[in-house]
Amino acid sequence: MKRVLITGAAGFLGSHLCDRFIKEGYHVIGMDNLITGDLKNIEHLFKLEHFEFYHHDVSKFVHVPDKLDYILHFASPASPIDYLKIPIQTLKVSSLGTHNLLGLAKAKGARILVASTSEVYGDPLVHPQTEDYWGNVNPVGPRGVYDEAKRFMEAMTMAYYTYHGVETRIVRIFNTYGPRMRLNDGRVLPAFIGQALRGEDLTVFGDGSQTRSFCFVDDLIEGIYRLLMSDYAGPVNIGNPDEITISQFAEEIIKLTGTQQKVIYKPLPQDDPKQRKPDITLAKKLLGWEPKIHRSEGLKITYEYFKTLTAEELNKVEHKDFSKYAKH
Ligand code: UDP
């Protein structure tokens, strides 16, 4: 039986990856330090014989007994408000954590796929973004802790590929949404749906003309699975090129939820990218992959998920206490 280690297993994408690899017949080892992850996302897996969970911070030495065939490194805070609260942990998990996991891959002879991001393109001057664009990142801005850690992650991963011959894969993930997103992580979709469900106005940052391109989680997981099984070591964009302004997105959420609330405007956060849309020509060619789920369908599924949250969950402003992590 093949064995796969998934870091960030209790998070949004990590938990969906655990489900996918269980479905494919793997022995899945999930790892998470539970700072931004939530065991609720994987509690249905604990009863399975072929799922184990390690409560561990991958920026510290990682030990996994026995053989490993694949490693997927998905541990990281993933939203701008998290970076502001835990900037040093954000830097460490994609730098020290990536180094530890590459070392583990080398020791085990495992193939490793690391989760990079469209944030490596920063506030992009090339549109749509192709893999050969080097990006426009502010290293000392509020997003720098995430963007630069992910850029370091890519560089370190390529070094293990060229210098040590480790089998590596790099996915550049664009905005993704779906069930198990954290309601209060500050990202636009949970923010808008949470506001609609609580009967609050929807907060659009800036004038709402900035664009994003949202991919439903099932499409993303399929792209990642195919990339892992491919033989291509360079970075590959996985995302949905269906671009929309944030104002239009707010209107879609108002229609979807039937809320009577209106849109209100708040200041645009520093370094907020003005536009983002993946060029997925490479993924199509290499992996025969393209997204299949239209936003209208994906949003319905996601809304149904958020409707299952309890009133207590819905009204918690922030369900994680980050203060104890602030000074490591
Ligand atoms: N945004 C917004 N209102 C919110 C949260 C986010 O208008 O309550 C905007 C944000 O400024 C950005 C876009 O929505 O332009 C996407 O933000 P998100 O944090 O989801 O992702 P990212 O900026 O990392 O793509």
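Refer to the structure above for everything that follows.
Let us look at the structure shown here. (Residues numbered from 1 in each chain as written. Predicted model: local features only at pLDDT ≥ 70, side-chain atom pairs only at ≥ 80, totals over all residues. Heavy atoms only, no water.)

### Some thoughts on the environment of G178
- Here G178 is to be found in the loop between β7 (176-177) and α5 (188-198).
- The exposure class assigned to G178 is buried, which follows from its relative accessible area of 0%.
- When the C-alpha positions of G178 and F205 are compared, they lie 21 Å apart, and in sequence the two are 27 residues distant.
- Excluding residues within four positions of it along the chain, G178 makes contact with F12, F216, V217 and T302. (Helix = DSSP H or I, 4+ residues; strand = E, 2+ residues; numbered from the N terminus. Buried < 20%, exposed > 50% of the residue type's maximum accessible area, 1.4 Å probe, protein only. Contact = heavy atoms within 4.5 Å.)

### Points about the site of the ligand
- Taken together, 18 residues form the shell around the ligand, and within it T203, F205, R212, D272 and R276 come nearest.
- V188 has a polar backbone atom sitting 2.8 Å from an oxygen atom of the ligand.
- Burial of the ligand by the protein amounts to 95% of the accessible area it has alone, namely 520 Å².
- Every element with two or more residues in the shell around the ligand is listed here: α5 and β8 (202-205).
- Considering only residue class, the shell around the ligand consists of 8 nonpolar, 4 polar and 6 charged. (Near = heavy atom within 4 Å. Polar contact = N/O pair within 3.5 Å; in protein donor to acceptor, adjacent residues only side chain to side chain. Areas by Shrake-Rupley, 256 points an atom, 1.4 Å probe, with all protein chains shown as cover. Nonpolar A, V, L, I, M, F, W, Y, C, P; charged D, E, K, R; others polar.)

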